[in-house]
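Chains, contacts and geometry: an overview
Each chain is listed here by its residues.
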Amino acid sequence: MSTTKPTGRQGRIENRERNPVWKNPPMRIDMDICINCDACLRACPKPLGAIINYGIDVVIFPELCSGCDKCLPPCPVDCIHPDPDWKPAPDGWWDELDFEDPYT
Ligand code: SF4
Ligand code: SF4
């Protein structure tokens, strides 16, 4: 029996790893400024699906974010920034992804 290793977004979720070919750093939302409008969430390309609602917050998984910049123009308060010193997403975010991922 053959097994197929997941690729793309599913593989990144299962391995909790960024795609090594992505040159841009992932984005991070400044929670002190964000107004939770979800505009960035709707702008993030579905194959990337890096943004979710986490409780009352809107958060970006650095492991899923290619740094493509598509979420920047829609943000009405300019609170999304590149994060070259990013830290892994907390376990709680991954747990929430199973239940609230709008892209699967
Ligand atoms: S930079 Fe691109 S992949 Fe990252 S959160 Fe914004 S739209 Fe999504
Ligand atoms: S678009 Fe900007 S203000 Fe709106 S949820 Fe995203 S980061 Fe927050």
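The structure we're discussing is the one just above.
So, a few notes on the structure that sits alongside this text. (Residues numbered from 1 in each chain as written. Chains lettered and ligands numbered in written order. Predicted model: local features only at pLDDT ≥ 70, side-chain atom pairs only at ≥ 80, totals over all residues. Heavy atoms only, no water.)

**A short note on the side chain of Ser 66**
Within the secondary structure, Ser 66 sits in the loop between β3 (57–60) and β4 (80–82). Judged by its relative accessible area of 13%, Ser 66 falls in the buried class. Among the polar contacts listed, one links the side chain of Ser 66 to the backbone nitrogen of Cys 68, at a separation of 3.3 Å. (Helix = DSSP H or I, 4+ residues; strand = E, 2+ residues; numbered from the N terminus. Buried < 20%, exposed > 50% of the residue type's maximum accessible area, 1.4 Å probe, protein only. Polar contact = N/O pair within 3.5 Å; in protein donor to acceptor, adjacent residues only side chain to side chain.)

**Quick word on the site of ligand 2**
Near ligand 2, the surroundings consist of 14 residues, among which Cys 34, Cys 37, Asp 38, Cys 40 and Cys 75 are the closest. A per-class count over the shell around ligand 2 returns 12 nonpolar, one polar and one charged. (Near = heavy atom within 4 Å. Nonpolar A, V, L, I, M, F, W, Y, C, P; charged D, E, K, R; others polar.)

**Points about the pattern of salt bridges**
If the charged atoms of two oppositely charged side chains come close together, the side chains can form a pair. Counting across every chain of the model gives two salt bridges. Among the salt bridges present, the one from Arg 28 reaches Asp 83, with a minimum N-O distance of 3.6 Å. One end of the pair, Arg 28, is in strand β1 (residues 27–29); the other, Asp 83, is in the loop between β4 and α3 (91–100), and 55 residues separate them in sequence. Among the residues examined, Arg 28 registers a relative accessible area of 41% and is labelled partly exposed. Overall, Asp 83 belongs to the buried group, its relative accessible area being 15%. (Salt bridge = Lys/Arg side-chain N within 4 Å of Asp/Glu carboxyl O.)

**Side note on the nonpolar core**
In this structure, Ile 29, Ile 51, Ile 60, Phe 61 and Ile 80 are the most contacted members of the largest nonpolar core, which totals 26 residues. With sequence-adjacent residues up to four places away left out, Ile 29 is seen in contact with Cys 34, Cys 40, Val 58, Val 59, Ile 60, Cys 79 and Ile 80. (Core = buried A, V, L, I, M, F, W, Y, C linked by side-chain atoms within 4.5 Å. Contact = heavy atoms within 4.5 Å.)

**Focus on the packing of aromatic side chains**
For the structure shown, the criterion picks out three aromatic pairs. Taken together, a centroid distance of 5.5 Å and an interplanar angle of 75 degrees make the contact between Phe 61 and Trp 93 edge-to-face. Here Phe 61 is found in the loop between β3 and β4, whereas its partner Trp 93 is found in helix α3, with 32 residues between them in sequence. Like Trp 93, Phe 61 is buried. Each residue in the set Tyr 54, Phe 61, Trp 93 and Trp 94 is aromatic and connected to the rest through ring pairs, giving one cluster. (Phe/Tyr/Trp six-rings, centres within 6.5 Å; stacked < 30°, edge-to-face > 60°.)

**Observations regarding unusual backbone geometry**
At Asn 36, a residue that is not glycine, the phi angle is positive and equals roughly 55 degrees. Relative to the helices and strands, Asn 36 resides in the loop between β1 and α2 (39–43). With a phi close to 70 degrees, Asp 38 is a non-glycine residue in the positive phi region. Position of Asp 38 among the secondary structure elements: in the loop between β1 and α2.

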